[in-house]
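# Overview (structure and organization)
Residues per chain, in single letters:
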Amino acid sequence: MKQLPIFNKHKNMKTTHWLTPNVISQLSIINYQLSIILLSLFFVLPSCRKENSIVAGSGSALSGDSIYFAKGFRIETRDSYTLLTVRNPWKPERELQRFVLVSKSAALPESLPEGILIRTPLERTVSFGSVQCSFLAELDALQTLVGICEPDYINMPFVQNGIRNGKIADVGQAANPDLERIMFVEPEALFTAPVEESGTGQISALGIPSVECVDYMESSPLGRAEWIRFFAPFFEKRGLADSLFAQTVTTYRALQDLTSQFATRPTVFSETIYSGVWWLPGGNSYMAHFFKDAGADYLWKEDTQTGSIGLPFEAVLEKAEKAGYWLIKYNSSTELTLSELVKNYPNYAFFDAYKKGNIYICNTGKSTYYEDLPVHPDYVLKDLVRIFHPEALDGYRPKYYRKIGDY
């Protein structure tokens, strides 16, 4: 089925118009000092190494369009419109989509570049997942939601209340949405998350702009968090997004600087075996960057994969048997215990982390881990720093993870 619309800079493109933490005190000082320094850098100086740092450049004024960590999108501000380009993460030399945003308060220019025209700010939207809702929540734009996919997996009171009182429609599964319900709520745009180049599938037939959010393909936590600056133009909230992102960078970097003071980096591995395969974060993945930034030594750091790597139990045991820490995420109505863990798979008892009870678990069904992860990587990083270097954040109670018990 034809995809709506995919833009390739090597091909002719069709223009479509849509109208419709003596250390805890040190951390406080570090946070304050870095806040002053980083905010100055963020709002005054240009980006020289966008993917790694915000540094002083030639002294010229910072462009509001500069992207510092994210690799998946580009913003170009023009006199009468804003051009948003989404890069194809599977074929980096190509564009995935291009949007031409024109304010509803302005007259439509006679001449516009090729792309999907959307009038802003958006007032009626449909989200296909919790991540998109998280970005909207940060931008105080949840009130635009008129439809949501899989609401049972979205731990947000606003969304749950909206579903109960009928203000937000349940439009089905993200992989198989209810097209009639989507049409009924009359959204101006859909925020989706494509799997590779699956495109928009059947929803392309609706004639509604689909914004393909590939933030999850970013390999760095701050890279993904910067996508708040991608969402912002759709709601005319770029100033708010820049301010929120600057604060996230400030806090995240303060924690990085804190862990850089420690020479010891404890070893760590994560997750569990499933259907005979142990899926671990790739060495260049989002979680691998988290472990590094939290001052840990991820045992698969030499791997080059940005996604997950599937290994047999024996390969994981060989490398992680003596690891200092084991982190597990799971979704359950009951809490995971040591006895339950080994009951599920007896060979887990071979790991030193199991023998010493050095396992930290996160029940994603009872926390806002997945909702906070994309937009607040600093929150997650703080938990990880507390686990690997408890002396650095003495007194802080982790928000998502806890040490496994046997009760």
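Residues numbered from 1 in each chain as written. Predicted model: local features only at pLDDT ≥ 70, side-chain atom pairs only at ≥ 80, totals over all residues. Heavy atoms only, no water.

Glancing now at the pairing of strand β19 (residues 359-363). Across the five residues of β19, five count as buried, placing the element largely inside the fold. Covered by surrounding structure in β19 are I359, I361 and N363 together with Y360 and C362, the residues of both alternating faces. Pairing between β19 and strand β20 (residues 402-403): two bridges, direction antiparallel. For I361, the partnering residue across the bridge sits in β20 and is R402. (Buried < 20%, exposed > 50% of the residue type's maximum accessible area, 1.4 Å probe, protein only. Helix = DSSP H or I, 4+ residues; strand = E, 2+ residues; numbered from the N terminus. Pairing = 2+ DSSP bridges.)

Strand order in the open sheet made by the three strands is β14-β15-β17, with antiparallel pairing throughout. Both edges of this open sheet fall to β14 (273-274) and β17 (308-311), since each of them pairs with a single strand only. Two strands pair when backbone bridges link them, and strand β15 (residues 277-281) and β17 are joined in this way by four bridges, in the antiparallel orientation. Within β17, the position partnered with W278 by the bridge is L311.

You can see H389 is positioned in the loop between α13 (377-388) and β20. With relative accessibility at 3%, the residue H389 sits in the buried group. As for H389 and T264, which are separated by 125 residues in sequence, their C-alpha atoms are 9.2 Å apart.

Right, let's talk about the confidence of the model for the protein for a bit. For the protein, per-residue confidence averages 86 on the pLDDT scale, and 83% of positions sit at 70 or higher. Confidence over residues 1-63 falls short of pLDDT 50; this stretch has 145 contacts with residues more than four positions distant or in other chains. (pLDDT = per-residue confidence, 0-100. Contact = heavy atoms within 4.5 Å.)

Right, let's talk about the sheet that holds strand β6 (residues 125-127) for a bit. Strand order in the open sheet made by the five strands is β8-β7-β6-β11-β12, with parallel pairing throughout. The open sheet has two free edges, formed respectively by β8 (169-170) and β12 (210-212), since each of these has just one partner strand.

Right, let's talk about the pairing of strand β5 (residues 116-120) for a bit. Counting buried positions along β5 gives five out of five residues, so the element sits mostly inside the fold. Neither face of β5 is open: one carries I116, I118 and T120, the other L117 and R119, and all of them are buried. Two elements, strand β4 (residues 95-103) and β5, share five bridges in a ladder whose sense is parallel. Considered in β5, the bridge of S103 is made with T120.

Let us look at the side chain of S367. Inspection of the secondary structure puts S367 in the loop between β19 and α12 (369-372). In this structure the side chain of S367 is engaged in a polar contact, spanning 3.2 Å, whose partner is the backbone oxygen of N363. Looking at S367, its side chain comes within polar contact range of the main-chain nitrogen of Y369, at 3.3 Å. If we skip the residues at most four places from it in the chain, S367 touches N155, C362 and Y400. (Polar contact = N/O pair within 3.5 Å; in protein donor to acceptor, adjacent residues only side chain to side chain.)

On to the nonpolar core, then. Judged by nonpolar contacts, the single largest core of 101 residues is most densely connected at F234, W326 and F351. Setting aside chain neighbours within four positions, we find F234 in contact with L84, F99, L101, I118, T120, P121, L122, F191 and V211. In terms of nonpolar packing, the next biggest core, distinct from the first, is built from eleven residues, F128, V146, I203 and I208 among them. (Core = buried A, V, L, I, M, F, W, Y, C linked by side-chain atoms within 4.5 Å.)

Here we take up the pattern of salt bridges. Side-chain pairs of opposite charge can arise where the charged atoms are in close proximity. This structure, assessed with the given rule, holds 18 salt bridges. Between R94 and E93 there is a salt bridge; the shortest N-O distance is 4.0 Å. Of the charged contacts, one joins E226 and R229 as a salt bridge, the two residues approaching to 2.8 Å between their closest N and O atoms. Considered together, E226 and R229 belong to a single accessibility category, that of buried residues. Here the salt bridges share partners, and the residues they tie into one network are R74, E76, R78, E95 and R98. (Salt bridge = Lys/Arg side-chain N within 4 Å of Asp/Glu carboxyl O.)

Packed helix pairs are specified by the crossing angle of their axes together with the interaxial distance, meaning the distance between the axes. Two elements in contact, helix α7 (residues 238-259) and helix α8 (residues 286-293), have axes whose closest approach is 9 Å; the angle formed by their N-to-C orientations is 55°. As the angle between them shows, α7 and α8 are arranged oblique. Here Y252, Q256 and T259 of α7 lie close against α8, whose contacting residues are H289, F290 and D293. A per-class count over the contact of α7 with α8 returns two nonpolar, three polar and one charged. (Axes fitted to C-alpha atoms, helices over the stretch in contact; angles between N-to-C directions. Parallel < 35°, antiparallel > 145°, perpendicular 65-115°, else oblique. Nonpolar A, V, L, I, M, F, W, Y, C, P; charged D, E, K, R; others polar.)

Next up on the list: the packing of aromatic side chains. Going through the model one piece at a time under the given rule, you end up with 33 aromatic pairs. Centre to centre, the rings of W278 and Y348 are 5.7 Å apart; their planes meet at 80°, and the pair counts as edge-to-face. Remark: Y348 occurs in the loop between α10 (338-344) and α11 (352-355) and W278 occurs in strand β15; sequence separation between them is 70 residues. Judged by relative accessible area, which is 0%, W278 ranks as buried. A relative accessible area of 3% places Y348 in the buried class. (Phe/Tyr/Trp six-rings, centres within 6.5 Å; stacked < 30°, edge-to-face > 60°.)

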